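Next come the chains, spelled out residue by residue.
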Amino acid sequence: MKYKIYSKNRRSHWIDIECIIENIDSDELIVSLPAWRPGRYELQNFAKNIQSFHVFDQNNEKIPFEKITKDTWKIQAKGTQLVIVRYNYYSSAINAGSSFVDEQTLYINPVNLCLYRPEKIREKCSISIDIRENEQIAGIQSIEDVDNQTKILHFDDFYHLADSPFIISKNLTHDSFEINDTTFHLWFEGNFNIPNLSQITDDFRKFATKQIELFGEFPEKVFHFITWLFPNHKYHGVEHRSSTMQTLGPFIENSQDFLVDLYGLSSHELFHAWNICKIRPKELLPYDYSKENYFKTCFVAEGLTTYYGDLMLYRSGVFDYEQYLRELETYYKRHFDEADGASQSLLESSWDLWLDGYSSSIPKRKVSVYHKGAIAGQILDLHIQRISNKQRSLDDVMRKMWKKFGKSVNGHPLVGYSLEDYISICEEVAGEKLEWYFETCIAGTDSLFGLLNEYLKDIGLSLQKNEHDLVYLTKI
Ligand SMILES: [Zn+2]
């Protein structure tokens, strides 16, 4: 599949797409647009942003088609060698998973707006795109220069394309560093001066190094941290196999608060390069873009990533101990002050992400797979450390998950893990049965306040409640 992406009128927020299908070998073609994007487990139905949709043959004559579901079209291709689908996509929202165009920036999340052929989803694809003078492209590994203006972006298959957001702009600030044989790019979009860029790059190198030490290797040869900066509040990141797209603000020069948010978000997203991009729940392998992909283990994908994102910043020295405690206290408060006593377990809230995971739910219903998931992860970590006399920890669980489920050996496809696989690796590392843990922390709905406190003692901390029943963290 070949795509051409442009915008006839950037101020209007319309992105124009041509999807070119060659070597047609059947009378009918099926094309679909994803109904959701990996990283956010809810239906977003991107097809609702398409205004006009037409199909042409090699002579530029219109050919018939019909829409057979909300986001699937059947094209009558009898007698044609080439089909061009021309459509437009309205892109006025800016978040880490959207697409947007204006005079300054062309920001594309291909999963929003690139059609795919379900039966040819593993075929190579490319995007042809024109850039203007002094513009750069952030986020893409393989760029072919046709000339100064026209660039072709190459992808292994539709999964790769859908997982490769990019920004084209004149206002990109760039830096990079290397660890082993991987190049990490830092891209900042926005009309801002970043005076402490070299310090930021150095801090990124520190936490990336610690994460790579944990797993022993990085899954990719190139990784792009793409951060779009704003003067107002934003805090959103989406993980991808060789990048993360982030929207963040307010950006204030040399602000410590901004750096804490930037590092917190980026360390979390980098951890996903292993945990979910590679170590993936088997229900998400491969992604089915047409419908809900239900899974029970988002407390592993998001909870452990939340726990490790901050822990890695502390271990690498990017966060001092006091800052680390503030991060811990933040997610303790989010859970215990806001969601303790909810009727759902982590397993149930993971399953129901597709229902109300990203909107406010009715009272006392769901728990956060991020916050309660991180607390459950910390309890397990401290338990394994306690029973092994600090010889083993959750690090060993992550390493085993990587070796068994994340690392593609000799080019074999990833296999994906089940809840039972995760339980069995945890028990293997612990050296004992952990039924009590999974019943209480993962499948249970009783408060974890007492249990967490019992384990926090091991690291000299105590979680207290004030007169308004709100939690706060203290050192013993
Ligand atoms: Zn995440």
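The following paragraphs examine the structure supplied in this document. (Residues numbered from 1 in each chain as written. Predicted model: local features only at pLDDT ≥ 70, side-chain atom pairs only at ≥ 80, totals over all residues. Heavy atoms only, no water.)

1. What about the overall build of the chain?
Now for step 1: Check the secondary structure of the chain and you find 13 helices and 21 strands.
Now for step 2: A compact globule built from 476 residues should have a C-alpha radius of gyration of about 23 Å, and the chain, at 23 Å, falls within 12% of that.
Now for step 3: Along the longest, intermediate and shortest principal axes, the C-alpha atoms of the chain span 75 × 50 × 45 Å.
Now for step 4: Looking at the chain as a whole, 57% of its 476 residues qualify as buried.
Now for step 5: Taking all contacts inside the chain whose residues are at least 6 apart in sequence as the whole, residues at least 24 apart take part in 67%.
Now for step 6: Carbon and sulfur atoms form 46% of the exposed surface of the chain, whose accessible area is close to 20,100 Å².
Now for step 7: Within the chain, the 68 negative side-chain charges are centred at a point lying 2 Å from the centre of the 52 positive side-chain charges. (Helix = DSSP H or I, 4+ residues; strand = E, 2+ residues; numbered from the N terminus. Rg over C-alpha atoms; globule rule 2.2 N^0.38 Å. Buried < 20%, exposed > 50% of the residue type's maximum accessible area, 1.4 Å probe, protein only. Contact = heavy atoms within 4.5 Å. Areas by Shrake-Rupley, 256 points an atom, 1.4 Å probe, with all protein chains shown as cover. Lys, Arg positive; Asp, Glu negative; His and termini not counted. Charge placed at Lys NZ, Arg CZ, Asp CG, Glu CD.)

2. Things to note about the sheet that holds strand β3 (residues 28-32)
Pairing between the strands of a sheet is mediated by backbone hydrogen bonds and can be parallel or antiparallel.
Now for step 1: What the three strands build is an open sheet, ordered β3-β6-β5; its pairing is antiparallel. The outermost strands of the open sheet, each flanked by one partner alone, are β3 and β5 (65-69). Between one strand axis and the next, the sheet turns through 25° on average, direction left out of account.
Now for step 2: One ladder, built from four bridges, connects β5 with strand β6 (residues 72-76); its direction is antiparallel. By the bridge assignment, E66 is partnered in β6 with K74. (Pairing = 2+ DSSP bridges. Axes fitted to C-alpha atoms, helices over the stretch in contact; angles between N-to-C directions.)

3. So, the pattern of salt bridges
Now for step 1: As enumerated under the stated definition, the model contains 33 salt bridges in all.
Now for step 2: A salt bridge links K2 to E22; the shortest N-O distance between them is 3.4 Å. In this pair, K2 is assigned in strand β1 (residues 2-6) and E22 in the loop between β2 (14-21) and β3, connecting sequence segments 20 residues apart.
Now for step 3: On the accessibility criterion, K2 (39% relative accessible area) is partly exposed.
Now for step 4: Owing to a relative accessible area of 36%, E22 belongs among the partly exposed residues under this scheme.
Now for step 5: A salt bridge links D145 to K151, with the nearest nitrogen and oxygen atoms 2.9 Å apart.
Now for step 6: Each of R10, R11, E103, R132 and E135 takes part in salt bridges that share partners, so that together they form one network. (Salt bridge = Lys/Arg side-chain N within 4 Å of Asp/Glu carboxyl O.)

4. Some words on the side chain of T297
Now for step 1: Examined against the element boundaries, T297 turns out to sit in the loop between α4 (256-271) and α5 (298-315).
Now for step 2: On the basis of relative accessible area, T297 is assigned to the buried category, the value being 2%.
Now for step 3: Leaving out residues up to four positions away in the same chain, T297 has contacts with P281, S350, Y417 and L419.

5. Description of the layout of surface pockets
The probe, sized like a water molecule, is rolled over the atoms to show the empty space still left.
Now for step 1: The volume enclosed by the largest pocket comes to roughly 1,400 Å³.
Now for step 2: In terms of lining residues, the largest pocket is bounded by 47 residues, among which Y235, R334, S368, Y370 and H371 are the most central.
Now for step 3: Within the residue set of the lining of the largest pocket, elements represented by two or more residues are β18 (234-239), α4, α5, α6 (321-338) and α8 (353-356).
Now for step 4: Per element, the largest residue contribution to the lining of the largest pocket is seven residues, and it comes from α4.
Now for step 5: Among the residues forming the lining of the largest pocket, the class breakdown is 14 nonpolar, 17 polar and 16 charged.
Now for step 6: Space inside the second largest pocket adds up to approximately 620 Å³.
Now for step 7: Considering each element in turn, the lining of the second largest pocket owes the most residues, three residues, to helix α2 (residues 158-162).
Now for step 8: Among the residues forming the lining of the second largest pocket, the class breakdown is eleven nonpolar, six polar and nine charged. (1 Å grid on protein atoms, 1.4 Å probe; cavity = no way out; pocket = protein on both sides within 12 Å on 5 of 7 lines; lining within 4 Å. Points joined across faces, edges and corners; volume = space filled by probe spheres on them. Nonpolar A, V, L, I, M, F, W, Y, C, P; charged D, E, K, R; others polar.)

6. As for empty space enclosed by the protein
Now for step 1: Applying the stated criterion across every chain yields a total of four cavities of 30 Å³ or more.
Now for step 2: Taken as a whole, the largest cavity spans an internal volume of roughly 60 Å³.
Now for step 3: Lining the largest cavity are G139, I140, Q141, S142, H154, F155, H160, D163, S164, H224, S242 and S243.
Now for step 4: Along the lines of polarity and charge, the residues of the lining of the largest cavity split into two nonpolar, nine polar and one charged.
Now for step 5: As a volume, the second largest cavity reaches approximately 50 Å³.
Now for step 6: What lines the second largest cavity is P38, G39, Y41, D163, E239, I276, C277, R280 and Y287.
Now for step 7: Residue composition of the lining of the second largest cavity, grouped by class: five nonpolar, one polar and three charged.

7. Here we look at the coordination of the zinc ion
Now for step 1: The protein atoms donating to the zinc ion are H268 (NE2), H272 (NE2), E302 (OE) and E302 (OE), with metal-donor distances spanning 2.0 to 2.8 Å.
Now for step 2: Linear spacing of the donor residues for the zinc ion on their chain is H-x3-H-x29-E. Taken together, the residues H268 in helix α4 and E302 in helix α5 connect sequence positions 34 residues apart. Taken individually, H268 and E302 each receive the classification buried, so the pair is uniform in this respect. (Donors = N, O, S within 2.8 Å, 3.2 Å for Na, K, Ca; no water.)

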